[in-house]
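# Structural features, examined
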Amino acid sequence: MWWMLGIGGFLLAVVLHDVIQRRHAILRNFPIIGHFRYWIEAVGPELRQYIVANNDEERPFSRDQRRWIYTSSKQANNYFGFGTDNDLDLAPNYLIIKHAMFPLAEPVPGDPHYDHAYTLPCAKVLGAARGRAKAFRPNSVVNVSAMSYGSLSPTAVEAINRGARLAGCWQNTGEGGVAPHHRHGGDVVWQLGTAYFGARDEQGRFAMSRLKDELARTPTIRAIEIKLSQGAKPSKGGILPAAKITPEIARIRGVPMGKDCISPAGHREFHDADSLLDFVERLAAETGLPVGIKSAVGELAFWHDLARLMETTGRGVDFVTIDGGEGGTGAAPLVFADHVALPFKVGFARVFPIFARSGLDRRVAFIGSGRLGFPAEALLAFALGCDMINVAREAMLSIGCVQAQRCHTGNCPTGVATSNRWLMRGLDPTLKSARLASYVTALRKEVLNLCWACGVPHPAFITGDLLEVLDGRLHGTAVREFYGYAEDWGRPGADLASELLVLMKRTAPVRRPA
């Protein structure tokens, strides 16, 4: 009898501990049984030697990738032992970074140029080329990609915004409008989708007066991004199920309760590249903010039209965000997720040359997204011409996501992608914001470490000659040749190079490959 009371008392104590603690959302939402997840995770490497999958087989993010994010976000040891378990000789399209024989020295604590935050500003000033009144240089080349409030829980949005403030990066609102949870000090890029949530009238048309009202309420909005399509479901539109629509979401978006919230596939304010540029210039003139576009890549006629009009008419976008077809924070039909839109490494490399051939790449900032939240993938994006990268699912993982892939059901077990009050209470915004900031800082640190290993002080100096793609048959090709890039594409001019050296507090000349 007494031993049963003892066991019951012990279990009750565990339940109370799990519910009260704030560090682990799984334990808070699932007392006692949540411990099994951590026990299984602890012995996972041993189990996977005999059953299930190896460290690099799981998708969309492998065990190694998730482990790197988790340990980085917790400021734990993110090193791996006993060498790589990748097959460098026989794996096709394997990326190799070619280090310099005489790398740049890495600053250490105590050095005058040591920066514990690994600040890594963008090479370009957003909006400066077109004279926008509120042009600015982004403080970070790593930022948080578009994820809407409603798709994400209020605690997740708040955690990301607070984390963005700590890391000195920005948070993209996604097309769901600007919520109070975006107003915790972090810089914000307001995304306008096809439904113009937060900037629409009663008929669902764009309303400039409402956009200005929101800008007045949220002074941390630094830029506007017009979403043409996204990697998860290009040209499909979007839907927020009625079950996930709370009174607050309905108020922010300007939609009724009890009905699915629909974003149409296309915009009503413009219908081609010419009218899009009119809309862009109208927004920029009324707000002074840099205005850009986001799109996945399918047919290329639009991009040729856009570049031609920008070159000949004096109108233009301030930045272009290219989303790979492998992107996936939005729920989508399987066929759209699997087969519609080019993956980032293919799509970006088709769009960037269209602008580079006419020199427009020097007047436009390019942003990449689509599983780029890891050091090697980020470096490839910079070599292809990106000025910045956006991370979405990687940011979700840093604040507690366990890749349960239940985002579309409203039953996310860690409280990241749900409106269920019990589940989202498990996510503590204060603790998780620090984890997001630590992840972003760790990614910047490792990108900088790779740059220094290559003998350059900033990723803007990374070119396709410094990276190589192995073909799985013991041969390799330089990335510049692999993608057919011209030698000067993506390289900063002399003035910008000098400016970057000052920004990065280095005076040594930049070494380039012969």
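Presented here is a report on the structure given in the accompanying data block. Computed from a predicted structure; not experimentally measured. (Residues numbered from 1 in each chain as written. Predicted model: local features only at pLDDT ≥ 70, side-chain atom pairs only at ≥ 80, totals over all residues. Heavy atoms only, no water.)

So, on to the overall build of the protein. The helix and strand inventory of the protein stands at 18 helices and 13 strands. Of the contacts made within the protein by residues no fewer than 6 positions apart, 70% connect residues no fewer than 24 positions apart. Surface summary for the protein: the accessible area is close to 22900 Å², and the carbon and sulfur share equals 57%. (Helix = DSSP H or I, 4+ residues; strand = E, 2+ residues; numbered from the N terminus. Contact = heavy atoms within 4.5 Å. Areas by Shrake-Rupley, 256 points an atom, 1.4 Å probe, with all protein chains shown as cover.)

Here we take up the environment of Arg425. For Arg425, the location among the structural elements is in the loop between α15 (421-424) and α16 (429-453). The exposure class assigned to Arg425 is partly exposed, which follows from its relative accessible area of 25%. Taking the C-alpha atoms as reference points, Arg425 and Arg28, separated by 397 residues in sequence, lie 7.9 Å from one another. Other than its neighbours up to four places away in sequence, Arg425 contacts Val19, Arg28 and Asn29. (Buried < 20%, exposed > 50% of the residue type's maximum accessible area, 1.4 Å probe, protein only.)

Between its first and last C-alpha, helix α6 (residues 154-167) extends 20 Å over 14 residues, near the 20 Å set by a 1.5 Å rise per residue. Within α6, the full set of buried residues consists of Pro154, Thr155, Ala156, Val157, Glu158, Ala159, Ile160, Asn161, Gly163, Ala164 and Ala167. Backbone geometry just downstream of α6 places Gly168 in the positive-phi region, at approximately 75 degrees. (Expected span 1.5 Å × (residues − 1).)

Packing of helix α5 (residues 63-73) against α16 leaves a shortest axis separation of 7 Å and a crossing angle of 115 degrees. Taken together, the axes of α5 and α16 lie roughly perpendicular to each other. Crossing of α5 against α16: the hand is right-handed. For the pair α5 and α16, contact is made by Trp68, Ile69, Ser72 and Ser73 and by Ala434, Arg435, Ser438, Tyr439, Ala442, Leu443 and Glu446, respectively. Of the residues contributing to the contact of α5 with α16, the split by class is six nonpolar, three polar and two charged. (Axes fitted to C-alpha atoms, helices over the stretch in contact; angles between N-to-C directions. Parallel < 35°, antiparallel > 145°, perpendicular 65-115°, else oblique. Left-handed = near helix turned anticlockwise from the far one by under 90°. Nonpolar A, V, L, I, M, F, W, Y, C, P; charged D, E, K, R; others polar.)

Bringing the sheet that holds strand β1 (residues 94-97) into the picture now. Strand order in the open sheet formed by three strands is β1-β12-β13, and the pairing between neighbours is antiparallel. Unpaired on one side and paired on the other, β1 and β13 (476-478) mark the two borders of the sheet. Here the average twist between neighbouring strands, direction ignored, is 30 degrees. Two elements, β1 and strand β12 (residues 467-470), share four bridges in a ladder whose sense is antiparallel. Residue Leu95 lies in a different strand from β12, and its bridge partner there is Val469. Together, β1 and β12 form the strand contacts of helix α13 (residues 375-383), whose direction differs from that of β1 by roughly 80 degrees. (Pairing = 2+ DSSP bridges.)

In this model, α16 (25 residues) spans 36 Å end to end at C-alpha, consistent with the 36 Å of a helix rising 1.5 Å per residue. By the N-cap criterion, in which a side-chain oxygen at the helix start approaches the backbone nitrogen of a residue two or three places on, α16 is capped by Asp428, the distance to Thr430 being 3.2 Å. (Polar contact = N/O pair within 3.5 Å; in protein donor to acceptor, adjacent residues only side chain to side chain.)

This part takes up the nonpolar core. In terms of nonpolar packing, the biggest core is built from 132 residues, with Leu211, Ile226, Leu283, Ile293, Trp303 and Phe355 touching the most fellow members. If one sorts the elements of this core by residue count, α16 sits on top with nine residues. Discounting chain neighbours no more than four positions away, the residues touching Ile293 are Glu225, Ile226, Leu228, Leu276, Phe302, Trp303, Leu306, Val317, Phe319, Val320 and Thr321. (Core = buried A, V, L, I, M, F, W, Y, C linked by side-chain atoms within 4.5 Å.)

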